Every structure is written in C-alpha cells, then in structure tokens.
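Coordinates in review
The lines below spell out each chain.
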Amino acid sequence: MIGFLGGTGPEGRSLALRLAMAGEEVAIGSRDAARAKEMAQKVEARGESIRVVGGENTEIVGMSDIIFITVPYEGQAALLGALAPSLAGKLIVDTVAPVSFQDGKIRAIDVPEGSAAQEAQNLLPNSQVVAAFQNVSAVDLWVPDRLIEGDVVVCSDHQEAKERVMAIAERIPHIRAVDGGALANARYVEEVTAMLLNINRIYKAHTMIRIVGLPERE
Ligand SMILES: NC(=O)c1ccc[n+]([C@@H]2O[C@H](COP(=O)([O-])OP(=O)(O)OC[C@H]3O[C@@H](n4cnc5c(N)ncnc54)[C@H](OP(=O)(O)O)[C@@H]3O)[C@@H](O)[C@H]2O)c1
C-alpha cells in the first residue's frame, strides 16, 4: 500500500490518482479522517475501477509500506517528528519543494539541512528517504488523460529504495525516472521547482523538466 501524508492537497491526491490508475493500492491521509475519506471518494470518482482508502495520517502509516510526504514544507518537521517511530523501517518518498510566495515573488526557501528531503532523513534515521516528484505539476496529474511528458529526478542514499521509487514513477505513462544520485543532490531538484513556478507564471503554463543527453535505454 502507498499512503499519502497530506493526501487531501493537490499533489497528494493527484499522485494517488495516477498511481491507482497504474494499479497500485493507495491510501489518502489527512489530519482529519473525514476529510481524507471524502478526498478518497473524489479520487475514486476520477479513475476507472480504482479503489482508494482514506484515513487519519497515523492510520494510513499503519497500513502502508511506502509513504509519500505531500504536505507543505512548513508542516513537514512537526508531522514527521510526531510520526517518526511508526515510520521506522518504511520507504519515504519526499515530494516537498520548499518555496515561499511572499510579496508576489516565488523563491526557494533555504533549508538548514540542505533540502527538505535531508531534513526528513534526519528526522527519520530509521526510514529510507527518497526525494522525487518535486517538479511534477499536480494540475496536470489531476487530469487523468493528460500526458505527463517529463523527468522525475530521484535522489537517495538508499540504492534499492531509489530504484523502487524510480520504477513507481515510471508506472505513470510517459514519465521517465532519472537517477539523481545521493540525497544531498535533492536540494538542486527542489530549487528547480521555484524556477518552474516562475516560468509557469510568465507563460501561464504548467511546465516540467526533461534532461537531454542521457544514453538511450536498451
Ligand atoms: N501542488 C503542486 O503542483 C506540487 C508539485 C510538486 C511538489 N509539490 C509539493 O507537494 C507538497 C504538497 O503540495 P500541495 O500543493 O498539495 O500542498 P497543500 O495543498 O498546501 O497541502 C497538502 C495537504 O497538507 C496538509 N497540511 C497542510 N498544512 C499542514 C501542516 N502544517 N501539518 C500537517 N499537514 C498539513 C493538508 O491536509 P489536511 O489538512 O487534510 O491534513 C493539505 O491538504 C508541497 O510540499 C509541495 O512543495 C506540490
């Protein structure tokens, strides 16, 4: 089961939808069980023959072996601090891109640990944190038949966990997973989100990234 902490927001619900459409079992988490159940029904209604569970964040952690963090950066530390014991031994996918929207300007937030993903790994020493999906627009994911032609750069210090998340990302049609190396590199991926959001504002678009120059796959 793949559970989404803060799965009631655009990013969590949209990734849950696409992964459920790809055949994964998914669960929407929230601080409020009723809100999670309501969103689970909305996600189910957007896909064909998919089943989505909803529940309070702690309940979702209990039933999931893979946990996506889809809360705002400002809420991540307190949430993970509280859930750390029950997250031990689990694979954590951090989608958080720390961005501020102050005074009409979109900027990447400086994170003392280097990145939101490194902060998560520090808070969860007994979990395997993988950083991914920070550059994928929730708006496009939420429309079931919209093509998502871009790269998901995946960073982690846990090779097996990283490969597992790369395979999960590629279950969404046309997404390509790119190995971004160690978790320390997640800061660069997170900061690209601020660049994309600025470009989106200028072009009134929902952009993604595509890395060129990689060897062809066999
Ligand atoms: N939106 C995008 O296109 C996009 C793209 C790439 C990456 N991301 C990343 O994905 C994450 C979620 O984005 P979003 O747009 O879905 O965010 P959001 O709507 O602001 O928040 C998602 C959910 O997080 C929960 N939440 C909010 N504040 C919280 C707090 N202080 N503590 C615990 N839970 C809290 C809420 O759920 P409950 O109230 O139900 O608990 C909320 O519905 C962000 O870190 C963002 O950087 C977003």
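Residues numbered from 1 in each chain as written. Predicted model: local features only at pLDDT ≥ 70, side-chain atom pairs only at ≥ 80, totals over all residues. Heavy atoms only, no water.

Turning next to the overall build of the chain. Scanning the chain from N- to C-terminus turns up eight helices and 10 strands. Its C-alpha atoms give the chain principal-axis dimensions of about 45 × 40 × 40 Å. Counting only residues that meet the buried cut, the chain has 51% of its 218 residues in that class. A separation threshold of at least 6 residues defines the contact pool for the chain, and within that pool the share at least 24 residues apart is 72%. For the chain, the exposed surface amounts to about 10,500 Å²; the carbon and sulfur share of it is 51%. Taking the 21 positively charged and 29 negatively charged side chains of the chain as two groups, their mean positions are separated by 6 Å. (Helix = DSSP H or I, 4+ residues; strand = E, 2+ residues; numbered from the N terminus. Buried < 20%, exposed > 50% of the residue type's maximum accessible area, 1.4 Å probe, protein only. Contact = heavy atoms within 4.5 Å. Areas by Shrake-Rupley, 256 points an atom, 1.4 Å probe, with all protein chains shown as cover. Lys, Arg positive; Asp, Glu negative; His and termini not counted. Charge placed at Lys NZ, Arg CZ, Asp CG, Glu CD.)

Here we take up the pattern of salt bridges. With the rule as written, the count across this model stands at eight salt bridges. Among the salt bridges present, the one from Arg146 reaches Asp140, with a minimum N-O distance of 2.9 Å. With a relative accessible area of 11%, Asp140 lands in the buried category. Between Arg176 and Asp151 there is a salt bridge, and its shortest N-O distance comes to 2.7 Å. With Arg176 in strand S10 (residues 176-181) and Asp151 in strand S9 (residues 151-156), the pair connects residues that are 25 residues apart, well separated along the chain. In the salt-bridge network here, residues are joined through shared partners; they are Asp151, Arg176 and Arg210. (Salt bridge = Lys/Arg side-chain N within 4 Å of Asp/Glu carboxyl O.)

Looking now at the pairing of strand S5 (residues 91-94). Side chains of S5 alternate between two faces, with Leu91 and Val93 and Ile92 and Asp94 buried alike. As paired strands, strand S4 (residues 66-69) and S5 are joined by four bridges and run parallel to one another. Directly across from Ile67, in S5, lies its bridge partner Ile92. Handedness of the crossover is the feature at issue here: the chain leaves S4, passes through helix H4 (residues 73-87), returns alongside S5, and the resulting connection is right-handed. Here S5 pairs with strand S8 (residues 128-131) via four bridges, running parallel. Along S8, the bridge assignment pairs Ile92 with Val129. (Pairing = 2+ DSSP bridges. Right-handed = clockwise from strand over helix to strand, strands pointing away.)

Moving on, we get to helix H2 (residues 33-46). Across its 14 residues, H2 extends 20 Å between first and last C-alpha, which sits within 8% of the 20 Å expected from 1.5 Å per residue. Taken together, the buried positions of H2 are occupied by Ala36, Met39, Ala40 and Val43. Relative to the axis of H2, the buried residues are bounded by an arc of 110 degrees and lie together on one face. Exposed and facing more than 90 degrees away from the buried side of H2 are Ala34, Gln41 and Ala45. Residues of H2 that are buried in the fold lie against helix H1 (10-21), strand S2 (26-30) and strand S3 (52-56). (Expected span 1.5 Å × (residues − 1). Arc of directions from axis to C-beta.)

In short, the description is geometric, and any link to function would need to be established separately.
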